[in-house]
Amino acid sequence: MLREALDSNWVAPAGPQLSALESEITGLLGVGHALALNSGTAALHLALLQAKIKAGDEVIVPTLTFAAPAHAVSYCGATPVFVDCGRLDWSLDPERVLQAVQARRSLGKKVKAVIAVDLYGVCADYRALRSLCSEHGLVLIEDAAGALGSSYGGKRAGAWGDLSIISLNGNKIITCGGGGLLLSNEEKWIEEARQLSQQARETGPNFHHHEVGFNYRLSNLLAAVGRAQLPLLQKRIEQRRTVHQRYRKSLERLPGVNFMPLGEGEASWNAWLTALQIIAPDFGTSAEKIGAHFNTVGIEVRPLCKPMHLQPAYLTAPRFGGEIAEMIASQGIVLPSGSALTPGQQDRIVKELSKLSND
Ligand SMILES: Cc1ncc(COP(=O)(O)O)c(C=O)c1O
């Protein structure tokens, strides 16, 4: 497909690979409309603009997440309001969201939207969040950045938000190198976002702009790279599930090791990344020390995302709870989880981890 794109000389952010990627994605996810963009962060920014978020507004964001959703809120001049996750599911806590919305609105603040994140590919609690958002007049934005191929309640990740996004960055299960998708059943939102993503240039021979736009469109070449991998999605999910299962078999027996909660279960999860919670007194050492040890043996083991309310960039943002996210983040590690990880490589990871345990 890349060869086809090169031969056609459609090498700019326009061309047939883009519309083909968009229609393949809408078919796969069961969403009405898609827009291919050059990052998931750009998709979040445009989702917030379509939700009419502007300076002075507030948006609920989980504190246990990568920074992109908070940054996108800031691009709009709005304020992220950080909300804790649940102890049992690590996901945005709907009860706390309700508390936060009521408390901020009682102060006269304009809380307009909720961004829910499908953390490490596991879908958030959309039954509760969907009805809460409808009842309280909030736009629900689903950040399914790493959740392509996951599902919840019989619907695909990316189909739950009024607007949803997916990332096609290099570390994702399907990648364009860099890229993202904005999804919605509202055609008007996607078409307006399409216009904004192309510098808001009007159709016609003259370079004419009614609005300030962005250079956010994906290139036709990179759309071809993503399309070529789409038929492999299910195979990659199965490979990653095998990786996850091998970890479970070897590590579950160690004291103080909890596997990340999987929402509706393994069958609904794309197995993007395997994360563990290490209870230091039981295991024998802390998550931080495990990270340092793996560094010395040349294996990349990552910490969980540092909660947003602890980030210097967001210390003054309002927050509701955060203690659960802090605990989980301080105890969490993310193991190498790539589709191409071999049993031999995994044995080495398991051996290094077991050496550090009380077992
Ligand atoms: C939860 C979340 N949202 C958004 C993004 C941003 O995606 P991108 O890197 O494509 O801009 C990421 C990236 O990993 C993410 O983890």
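Treat the numbers as computed from the prediction; the structure is a model and nothing was measured.

Caption draft 1: Inspection of the side chain of T65 at higher detail. In this fold, T65 is placed in the loop between strand 2 (57-62) and helix 4 (68-75). What makes T65 buried here is its relative accessible area of 2%. Ignoring anything within four residues of it in the chain, the contact list for T65 reads V117, L119, C305, K306 and M308.

Caption draft 2: Fine view of the domain arrangement of the chain. When the domains of the chain are assigned, the result is domain 1 (2-231) and domain 2 (233-355). Relative to domain 2, the C-alpha centre of domain 1 lies at a distance of 25 Å. Facing the 46 residues of domain 1 at the interface are 37 residues of domain 2. Roughly 3,700 Å² is buried in total at the junction of domain 1 and domain 2, and carbon and sulfur atoms are behind 65% of that figure. Taken as a group, W90, Y120 and I173 account for 25% of the area that domain 1 buries against domain 2, more than any other trio of residues on that side. For E264, the salt bridge identified is with R127, shortest N-O distance 3.1 Å. Where domain 1 touches domain 2, the interface holds 24 residue pairs in polar contact (both at pLDDT 80 or more). Broken down by secondary-structure element, the contributors of at least two residues to the side of domain 1 that touches domain 2 are helix 4, strand 3 (79-83), helix 5 (94-106) and strand 6 (151-152). Residue composition of the side of domain 1 that touches domain 2, grouped by class: 24 nonpolar, 15 polar and seven charged.

Caption draft 3: Here's a closer look at the packing of helix 5 against helix 6 (residues 126-135). For the pair helix 5 and helix 6, interaxial distance at closest approach is 10 Å and the crossing angle is 20°. When the interaxial angle is binned, helix 5 and helix 6 end up roughly parallel. Judged by the twist between their axes, the crossing of helix 5 over helix 6 is right-handed. Contacts between helix 5 and helix 6 pair P94, V97 and L98 from the former with A128, L129 and L132 from the latter. Its residues placed into classes, the contact of helix 5 with helix 6 shows six nonpolar, no polar and no charged.

Caption draft 4: Inspection of the site of the ligand at higher detail. Neighbouring residues of the ligand: 15 residues in total, closest G40, T41, D143, S167 and K172. Within the side chain of S167, a nitrogen or oxygen atom sits 2.7 Å from an oxygen atom of the ligand. A distance of 3.5 Å separates an oxygen atom of the ligand from a polar atom in the side chain of N169. Within the complex, 87% of the 390 Å² of free accessible area of the ligand lies under protein. Residue assignment for the shell around the ligand shows that the elements contributing at least two residues are helix 3 (40-50) and helix 4. A per-class count over the shell around the ligand returns six nonpolar, seven polar and two charged.

Caption draft 5: Region of interest: the pairing of strand 14 (residues 332-335). Here strand 14 shows no split at all, with G332 and V334 on one side and I333 and L335 on the other all buried. Of the strand pairs in this sheet, strand 11 (residues 274-278) and strand 14 are connected by four bridges, and their pairing is antiparallel. If you follow Q277 over to strand 14, its bridge partner there is G332. Bridge count between strand 12 (residues 302-303) and strand 14: two bridges; the pairing is antiparallel. Looking at strand 14, one finds that R302 is bridged to V334.

Caption draft 6: Molecular detail of the pairing of strand 11. Of all five residues in strand 11, five are buried; the element is thus mostly enclosed. Burial along strand 11 is two-sided: T274, L276 and I278 facing one way and A275 and Q277 facing the other are all buried. Note that strand 10 (residues 257-259) and strand 11 share three bridges and pair antiparallel. Paired with V257 across the two strands is I278, which belongs to strand 11.

Caption draft 7: Quick look at the nonpolar core. I25, I60, V97, Y126 and L148 are the most contacted members of the largest nonpolar core, which has 45 residues in total. Counting residues per element, the ones that place at least two in this core are helix 2 (16-29), strand 1 (33-37), strand 3, helix 5, strand 4 (110-117), helix 6, strand 9 (180-184) and helix 9 (233-251). Viewed by domain, this core spans two of them, domain 1 (2-231) and domain 2 (233-355), each represented by three or more residues. With residues near it in sequence (within four places) discarded, I25 still touches A34, L148, L181, L183 and L230.

Caption draft 8: The arrangement of the environment of H210 in detail. Tracing the sequence through the fold places H210 in the loop between helix 7 (187-197) and helix 8 (220-229). In the structure, H210 is positioned ten residues away from A200 in sequence and 7.2 Å away in space, judged by C-alpha atoms. Setting aside residues up to four positions removed in sequence, H210 forms contacts with A200 and E202.

Caption draft 9: Geometry of the environment of C133. When you line up the elements, C133 lands in helix 6. Taking the C-alpha atoms as reference, C133 lies 41 Å from R253; in sequence the two are 120 residues apart. When near neighbours in sequence (up to four residues on either side) are disregarded, C133 contacts V114, L138 and L140.

How each quantity is defined
Residues numbered from 1 in each chain as written. Predicted model: local features only at pLDDT ≥ 70, side-chain atom pairs only at ≥ 80, totals over all residues. Heavy atoms only, no water. Helix = DSSP H or I, 4+ residues; strand = E, 2+ residues; numbered from the N terminus. Buried < 20%, exposed > 50% of the residue type's maximum accessible area, 1.4 Å probe, protein only. Contact = heavy atoms within 4.5 Å. Domains from an automatic or database assignment. Buried area = accessible area lost by both parts, 1.4 Å probe. Salt bridge = Lys/Arg side-chain N within 4 Å of Asp/Glu carboxyl O. Polar contact = N/O pair within 3.5 Å; in protein donor to acceptor, adjacent residues only side chain to side chain. Nonpolar A, V, L, I, M, F, W, Y, C, P; charged D, E, K, R; others polar. Axes fitted to C-alpha atoms, helices over the stretch in contact; angles between N-to-C directions. Parallel < 35°, antiparallel > 145°, perpendicular 65-115°, else oblique. Left-handed = near helix turned anticlockwise from the far one by under 90°. Near = heavy atom within 4 Å. Areas by Shrake-Rupley, 256 points an atom, 1.4 Å probe, with all protein chains shown as cover. Pairing = 2+ DSSP bridges. Core = buried A, V, L, I, M, F, W, Y, C linked by side-chain atoms within 4.5 Å.

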